[in-house]
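Close look at the chain arrangement
Residues per chain are reported as follows:
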Amino acid sequence: MEINKDLIAASSTPIVLAILAEEDSYGYAILQRVRELSGGRMEWTDGMLYPVLHRLERLGHVEARWEVAESGRRRKYYRITSQGRAQLAEERRQWQAVDATLRGIWQALFLPVPTSHSASAVPLPQGS
Amino acid sequence: MPAPGHGVSLEEQIDQWRSYLRRRQAIHSVDVAELEDHLREQVAVLVDAGLATDEAFLVAVKRMGDLDTLSREFAREHSDRLWKQLVVAPSDSGASRAAARTDAIVAFCLAVAAAVVIKAPALFGVQLDEDAGFYARNLSFFVLPLLTGYFAWKRRLDPGTLRWLAVAFVAAAVFANVYPFAPDGSTEVLTALHLPIALWLVVGIAYAGGRWGQVGGRMDFIRFSGELFIYYVLIALGGGVLTAFMAMMFESIGIDVEPFFASWLLPCGAVGAVVIASWLVEAKQSVIENMAPVLTSLFTPLFAAVLVTFLGALLWTGRGVDIERDMLLAYDLLLVVVLGLLLYSVSARDPRSSPGVFDVMQVVLVVSALLADAVALWAIAARITEFGFSPNRVAVLGVNLILLVNLAWSAVLYIRFLRGRGSFTGLERWQTDYLPVYAVWAAIVVIVFPPVFGYI
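Below or above, wherever it landed, is the structure these notes cover. (Residues numbered from 1 in each chain as written. Chains lettered and ligands numbered in written order. Predicted model: local features only at pLDDT ≥ 70, side-chain atom pairs only at ≥ 80, totals over all residues. Heavy atoms only, no water.)

1. Some points on the overall build of chain A
- Broken down by element type, chain A carries four helices and three strands.
- When its helices and strands are written in sequence order, chain A yields α-β-α-α-β-β-α.
- Looking at chain A residue by residue over its 128 residues, the buried ones come to 42%. (Helix = DSSP H or I, 4+ residues; strand = E, 2+ residues; numbered from the N terminus. Buried < 20%, exposed > 50% of the residue type's maximum accessible area, 1.4 Å probe, protein only.)

Right, here's the structure in full:
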């Protein structure tokens, strides 16, 4: 299924921060983790992750460093900062509010939810 | 790694892909390296899964996303990089070349208009040499409205903003001309000096064209101001050489060009050059962009060395600063220069790079300037009652305090950044947010000082 662009853009900050809260990582591995977490339902265009990472870096939410990976190539690793953790907590509160609101209205509507469109279609980052 | 037989072609393909990416100005080589690492890993994983290298390469490139969209996303995040390509028309398309020509024609017409405007009062008998006060007070109005008009046209400002800018100019013109200034009084001189500073903010709002609310928009305006200054100095130097030759050659045939020079060439050239220099900055940004940071990095260590030596000498000899009445003005100018160096290196610095030696130098410069200024302020505070409060002294003192606050907090933010406690964005935000303070102070000097000090 396709998740619309605005939703992907809005959720990218908490997802990336949460993945980095698990452990330091780099672009490719972050995308792999997103696929894994969403069961392949969230398809990001690979390149688009990098402007997001650079924005988080500029805002001071993450720090980057270059390291030589086991493949012998130079690789840019990202690490979440304490400011980033605070931001993640804030994002989490906001998304929980959105989620709770939606849950409330779904229940009120008694909509029959098709299994493949379950409420977890937009996975909330449960990292940290 | 892929099989050796395919290795060469994969390397070639990656080389080609890399060169495509490099052509995008918004994507820097360090980002290309990051994206390349991604691409290679993706290819390796696909090859492991059983794809041939060329297939794997195609899939990996496809997953990376369309290059135009990607470069747009990078440009949106790194808007400072886009800055140089925003206005410079790409030379390969006909439509943009036509736009560049229109731009040049408009700028030239406005420069001519500025030259006409400055000569217009002479038609009504207001001569440059006899009514110097009138010209000094109104200097801003001969060129800044035209410059604002140029940017309003270029940025397609909405009529609402335009109306406010016009109101600002009209109000400024009223304040500059209705006050009964004493001839050659100091409040008149202060008005002449401060009005351009206040109105420069109006030009800035037009320049930013709706982006004034953003840090990036104001930072672009700071860059623009500095580069306009560099271009203007260059044009003035060239003009000086031209007139020197002109005077020499005409003198050899017995014609004195001095009257023509003083009443036509100098005033018309001086105002016209502001518009032309602005247009040049707009059109040739990528050329000059390399110059301002070079000048900054050249003079930052030199100024820092001078200031540190001065402070050292002050401590060593134990002499007090012998503060003359006008000495504080010199310290104001020192702070302005230091602020300029700071602003320039802030505006040219990549906010993502980590602190380096140059940043330490910058902090040394700012802190030593602050200490030197504090010593001077201390000396003048002790004798302020003896000197009394003249409009000049209050103005100079006020500017000093405003600069001091600006630099002091910048130093705090810079040190925090060096110690890894804050991001560079905080410093940028502070510098750009502080800009209106200068304009407000200049407006206060223009509007409040003359009546308070009795127009002396």
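2. Some thoughts on the overall build of chain B
- On a plain count of helices and strands, chain B comes out with 18 helices and zero strands.
- A burial count over chain B gives 43% of its 456 residues as buried.
- Long-range contacts, defined as pairs at least 24 residues apart, comprise 78% of the intrachain contacts of chain B with a sequence gap of at least 6.
- Accessible surface computed for chain B: about 23,000 Å², of which carbon and sulfur atoms make up 69%. (Contact = heavy atoms within 4.5 Å. Areas by Shrake-Rupley, 256 points an atom, 1.4 Å probe, with all protein chains shown as cover.)

3. Describing the side chain of B:Arg218
All names here are of chain B.
- Within the element layout of this structure, Arg-218 appears in helix α10 (residues 215-252).
- There is a polar contact of 2.8 Å between the side chain of Arg-218 and the backbone oxygen of Trp-212.
- The contacts of Arg-218, once residues within four sequence positions are left out, are Arg-211, Trp-212, Gly-213, Thr-432, Asp-433 and Leu-435. (Polar contact = N/O pair within 3.5 Å; in protein donor to acceptor, adjacent residues only side chain to side chain.)

4. Brief notes about the nonpolar core
- Ranked by internal contacts, the top residues of the largest apolar core, which has 88 residues, are B:Phe151, B:Leu199, B:Val338 and B:Leu407.
- Residue contributions to this core peak at 11 residues, all from helix α16 (residues 391-418) of chain B.
- Setting aside residues no more than four positions away along its own chain, B:Leu199 makes contact with B:Ser140, B:Phe141, B:Leu144, B:Ala168, B:Phe169 and B:Ala172.
- Listed in part, the 42 residues of the second largest apolar core include A:Ile3, A:Leu49, B:Ile27 and B:Leu35. (Core = buried A, V, L, I, M, F, W, Y, C linked by side-chain atoms within 4.5 Å.)

5. A short note on the pattern of salt bridges
- Enumeration over the complete set of coordinates arrives at 24 salt bridges over all chains.
- One network of salt bridges, in which partners are shared, links B:Glu11, B:Asp15, B:Arg18, B:Glu36 and B:Arg40. (Salt bridge = Lys/Arg side-chain N within 4 Å of Asp/Glu carboxyl O.)

6. Digging into the interface of chain B and chain A
- Each partner contributes to the interface: chain B provides 24 residues, whereas chain A provides 23 residues.
- When chain B packs against chain A, the two sides together hide about 2,200 Å² of surface, and 56% of this comes from carbon and sulfur.
- A salt bridge links B:Asp37 to A:Arg75; the nearest nitrogen and oxygen atoms lie 2.9 Å apart.
- Summed over the shared surface of chain B and chain A, the number is 11 residue pairs in polar contact (both at pLDDT 80 or more).
- Put simply, the parts of the chain that give the side of chain B that touches chain A at least two residues each are α2 (29-48), α3 (53-64) and α4 (67-77) of chain B. (Buried area = accessible area lost by both parts, 1.4 Å probe.)

Without other data, these values stay purely geometric and don't point to any function.
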